[in-house]
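Chain by chain, the residues:
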Amino acid sequence: MMLLFGAHIKSLFTVLAVCCFIFIWTSDIVGSQKPNFIVILADDIGWGDLGANWPAALQRTPYLDKMASAGIRFVDFHSAASVCSPSRASLLTGRLGIRNGVTHNFAVTSIGGLPLNETTLAEVLQQSGYRTGIIGKWHLGHHGKFHPNFRGFDYYYGIPYSNDMGCTDDPGYNIPTCPSCPLASKTPKRYDKGCYTDIALPLMENTVIMEQPVNLSVLPLRYAQKAAQFIKSARGHGRPFFLYLALAHMHVPLPNRTFVPRGPYEDTLQEMDNLVGIIRSEVDQDLNKNTLIWFTGDNGPWAEKCEFAGSVGPFVGAWQVAQGGSSAKQTTWEGGHRVPTIAYWPGKIPRNITSSAILSSLDIFPTLLSLANASLPVNRLFDGKDISGILLGQSEEGHKVLYHPNSGAAGKFGNIEAIRLEQYKAFYTTGGALACDGTIGREQHHRPPLVFNLDQDIQEQKPLDIKSEEYKTLLPKLTKALEDFLSDIAKDNVSIADYSHESSAVLCCNPQHIVCRCTDQ
């Protein structure tokens, strides 16, 4: 009898032990011990737009400047591409467009998006117990399974593509000036160069169109409210969260709102900064201090928009400007892809640190997975690296090499047209995007490459003499770096995005209306 009782006790303890192990393991997966992540991605922002980066911008971004002084500021941080869709696809996959298939922007009529066999950061974190949300601009496919709710995001609120890809009733400041949406179905269709007037821009909550056309003037306030609700909801359920806040700022058209009489761009920049301040204030209410905020940009400023575009700071791409055209967005010049970046995590990230490590938005994917104790997806190679050591002040080792793909100004979409090797920047193809003065720099191919020493020539003004010892020593290293990369691509599982168009892909809440307006009011 005692033996039987003892056996029961032993079995009971075994069951309890197993249950405890499962409980502890599950708690580790879904509990609050895992850090929360907020990635804030600004659109078309210039490196020189932040006061923390550039003295001329002082007093325009006080909240971001304070966040920089309370965290770490990266001064040599780069977007993975210099236009919207490829940059966002790389951030969410840790892979360049030449691997993930997204090499240029998707359109209102695109039936495809980020290839479905690519795994997003949200999907991995979701499987690791995170509540995941995107608030803002998606631009990685809006038709069918390419919608964010099918790409790892539990919650979506925002616009499916850029804020100029559809008319609104308050189009704001833009070059060229855009008209408002037609009000009545009897109004004849029209198209104005540079503006979409044949379909209204929709605002979505998950898969439902909430408003079409969206009111851009109140959208930032709505984003702030939805972000706060998302954070509070995740906390209420005791789950870690990942919030991807992809702002419409500083992409034109700029909303018709005025803070102080500085001008439309400055007002909108201040509005964006205020929004960041609201998010940080919400985060700082958490006594656990377990939320990492990572602010960065998707590419440089859209120079052809003149006074409605941002500042590249010192990264003027002087060689290209002398040839004609812009050296900002859509180019591989520093102004096109070097973006302002700040990370803030009280108690974890040292205060008021400036890092000069060579880094990329490609690094966000592996770094957040490392901090969440989640594994990288298998059967593919990555271009980003885990930089959690840099974030936590334990290392300063960034990339030795970065590869910059063509994004529209010159060359074939997705091709690697420039390489950063330590302090050197090598161009195999150059070209300028459309500039404010209407010029476009012609495409030029360089064999051997055009090379600048950024430590001595941050303006990319005077290339190295190909007969110099410095150049002769560097060239074999550049050649090997490019050959190694192409060999790596040849061994990888490479995706192909569908860039075909069909009218059926258009998002429309009321097909009977000329611009899909939800109501005639």
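A quick note: this is a predicted structure, and the numbers were derived from the prediction, not measured.

> Would you explain the sheet that holds strand β7 (residues 208-211) in this entry?
Sheets are built from strands that pair by backbone hydrogen bonding, the pairs being arranged parallel or antiparallel. Taken in spatial order, the 10 strands make up an open sheet running β7-β6-β5-β4-β8-β1-β9-β10-β2-β11, and their pairing is mixed. At either end of the open sheet lies a strand with only one pairing partner, and these are β7 and β11 (353-355). Going from strand to strand, the sheet's axes swing by 15° on average, the running direction of each strand aside. Sheet topology places strand β9 (residues 291-297) next to strand β10 (residues 341-344); three bridges connect them, and they run antiparallel.

> What should I look at first to understand the packing of aromatic side chains in this one?
To describe a pair of aromatic rings, one takes the distance between the centres and the angle between the planes. The full count for this structure, using the stated rule, is 18 aromatic pairs. Taking 5.8 Å as the distance between ring centres and 65° as the angle between the ring planes, the aromatic pair formed by Trp333 and Phe452 counts as edge-to-face. One end of the pair, Trp333, is in the loop between α8 (318-323) and α9 (334-337); the other, Phe452, is in strand β16 (residues 444-453), with 119 residues separating them in the sequence. Note on Phe452: relative accessible area 0%, which makes it buried. Here a set of aromatic residues connected by ring pairs shows up, and it is made of Trp138, Phe153, Phe242 and Tyr244. Between Lys305 and the ring centre of Trp302, over which it is positioned, the NZ or CZ distance is 4.7 Å. Its end group placed over the ring of Trp302, Lys329 keeps NZ or CZ at 4.1 Å from the ring centre.

> Just checking my understanding: could you explain the side chain of Asp273 for this structure?
Tracing the backbone shows Asp273 in helix α7 (residues 264-284). It turns out Asp273 is buried and unbridged, and the closest side chain with the opposite charge, Lys66, is 8.2 Å from it. When neighbours within four sequence positions are excluded, Asp273 is seen to be in contact with Arg60, Thr61, Pro62, Tyr63 and Leu64.

> I tried to follow the pattern of salt bridges on my own but got confused; where do I start?
Summed over all chains, the structure comprises 22 salt bridges. One salt bridge connects Asp76 with Arg420, and the closest N-O pair in it is separated by 2.7 Å. Of the two residues, Asp76 sits in the loop between β2 (72-74) and β3 (77-78) while Arg420 sits in strand β14 (residues 416-421), which places them 344 residues apart along the sequence. The exposure classification of Asp76 matches that of Arg420, with both residues buried. One salt-bridge network, held together by shared partners, links Asp76, Glu334, Arg338, Arg420, Lys425 and Glu460.

> Looking at this structure, how should I read the packing of helix α2 (residues 62-69) against α7?
Think of two packed helices as two axes; the pair is described by the angle between the axes and how far apart they sit. The geometry of α2 relative to α7 is characterised by a closest axis approach of 7 Å and an angle of 45° between their N-to-C directions. If you check the angle between α2 and α7, you find them oblique. In this structure, α2 contributes Pro62, Tyr63, Leu64, Lys66 and Met67 to the contact, and α7 contributes Met272, Asp273, Asn274, Val276, Gly277 and Arg280. Split by residue class, the contact of α2 with α7 holds six nonpolar, two polar and three charged.

> Honestly, the confidence of the model for the protein in this entry has me stumped. Any pointers?
One rule of thumb: low pLDDT means the predicted coordinates there are not for detailed reading. On average, the protein scores 91 in pLDDT, and the residues at 70 or more come to 91%. Scored below 50 in pLDDT, residues 1-32 makes 13 contacts in the model with residues more than four places away or belonging to other chains.

> Can you walk me through the state of the cysteines in this structure?
In protein structure, a disulfide is the covalent linkage between the sulfur atoms of two cysteines. Under the criterion given, the structure shown has four disulfides. In this model Cys306 forms its disulfide with Cys436; the gap between the sulfur atoms is 2.0 Å. On the sign convention where negative means left-handed, the S-S torsion of about 105° between Cys306 and Cys436 marks this disulfide as right-handed. Pair noted here: Cys306 is in the loop between β9 and α8 and Cys436 is in the loop between β15 (424-430) and β16, with a separation of 130 residues, a long-range link. With relative accessibility at 44%, the residue Cys436 sits in the partly exposed group. In this model, Cys509 is linked to Cys518 through a disulfide, with the two sulfur atoms separated by 2.2 Å. Between Cys509 and Cys518, the S-S dihedral sits near -130°, and the bridge is therefore left-handed. Assessed through its relative accessible area of 30%, Cys518 is described here as partly exposed. Here Cys84 stays unpaired: no disulfide links it, and the sulfur of Cys178, its closest cysteine neighbor, is 16 Å away.

> Quick question: what am I supposed to make of the side chain of Lys425 here?
Relative to the assigned elements, Lys425 resides in strand β15. Taking relative accessible area as the criterion, Lys425 reaches 0% and is therefore assigned buried. Here Glu334 takes part through its side chain, which lies 2.8 Å from a polar atom of the side chain of Lys425. In this structure Lys425 touches Thr332, Trp333, Glu334, His337, His404, Ala418, Ile419, Leu450, Val451, Phe452, Leu454 and Glu460, once residues within four positions along its chain are discounted.

> Where do I start with the environment of Asn373 in this structure?
When you line up the elements, Asn373 lands in the loop between α10 (364-371) and α11 (388-391). What makes Asn373 exposed here is its relative accessible area of 62%. Residues Asn373 and Ser128 lie 245 residues apart in sequence; the distance between their C-alpha atoms is 8.6 Å.

> What is the right way to look at the sheet that holds β14 in this model?
Sheet architecture is open: four strands sit in the order β13-β14-β15-β16, paired in antiparallel fashion. The two strands at the open ends of the sheet, each matched to only one other strand, are β13 (401-405) and β16. Here the average twist between neighbouring strands, direction ignored, is 15°. In this sheet, β16 lies alongside β15 in antiparallel orientation, the contact comprising six bridges. The residue bridging Thr430 from the neighbouring strand is Gln444, located in β16. The sheet contacts of helix α12 (residues 469-490) involve β13, β14, β15 and β16, and relative to β16 the element is tilted by about 115°.

> Could you clarify how one ought to interpret α12 in this entry?
An α-helix turns once per 3.6 residues; consequently, residues spaced three or four apart project the same way. For α12, which comprises 22 residues, the first-to-last C-alpha distance of 33 Å matches the rise-based estimate of 32 Å (1.5 Å per residue) to within 8%. Taking the largest bend as the criterion, α12 deviates by roughly 25°, centred on Leu475, and proline Pro476 comes between one and four positions later. Of all the residues in α12, the buried ones are Tyr471, Leu474, Leu478, Ala481, Leu482, Phe485 and Ile489. Buried-residue contacts for α12 involve α4 (97-100), β13, β14, β15 and β16.

Criteria and thresholds
Residues numbered from 1 in each chain as written. Predicted model: local features only at pLDDT ≥ 70, side-chain atom pairs only at ≥ 80, totals over all residues. Heavy atoms only, no water. Pairing = 2+ DSSP bridges. Helix = DSSP H or I, 4+ residues; strand = E, 2+ residues; numbered from the N terminus. Axes fitted to C-alpha atoms, helices over the stretch in contact; angles between N-to-C directions. Phe/Tyr/Trp six-rings, centres within 6.5 Å; stacked < 30°, edge-to-face > 60°. Buried < 20%, exposed > 50% of the residue type's maximum accessible area, 1.4 Å probe, protein only. Lys NZ or Arg CZ within 6 Å of the ring centre and 35° of its normal. Lys, Arg positive; Asp, Glu negative; His and termini not counted. Salt bridge = Lys/Arg side-chain N within 4 Å of Asp/Glu carboxyl O. Contact = heavy atoms within 4.5 Å. Parallel < 35°, antiparallel > 145°, perpendicular 65-115°, else oblique. Nonpolar A, V, L, I, M, F, W, Y, C, P; charged D, E, K, R; others polar. pLDDT = per-residue confidence, 0-100. Disulfide = S-S within 2.5 Å. Polar contact = N/O pair within 3.5 Å; in protein donor to acceptor, adjacent residues only side chain to side chain. Expected span 1.5 Å × (residues − 1). Bend = angle between axes of the 7 residues up to and from the residue.

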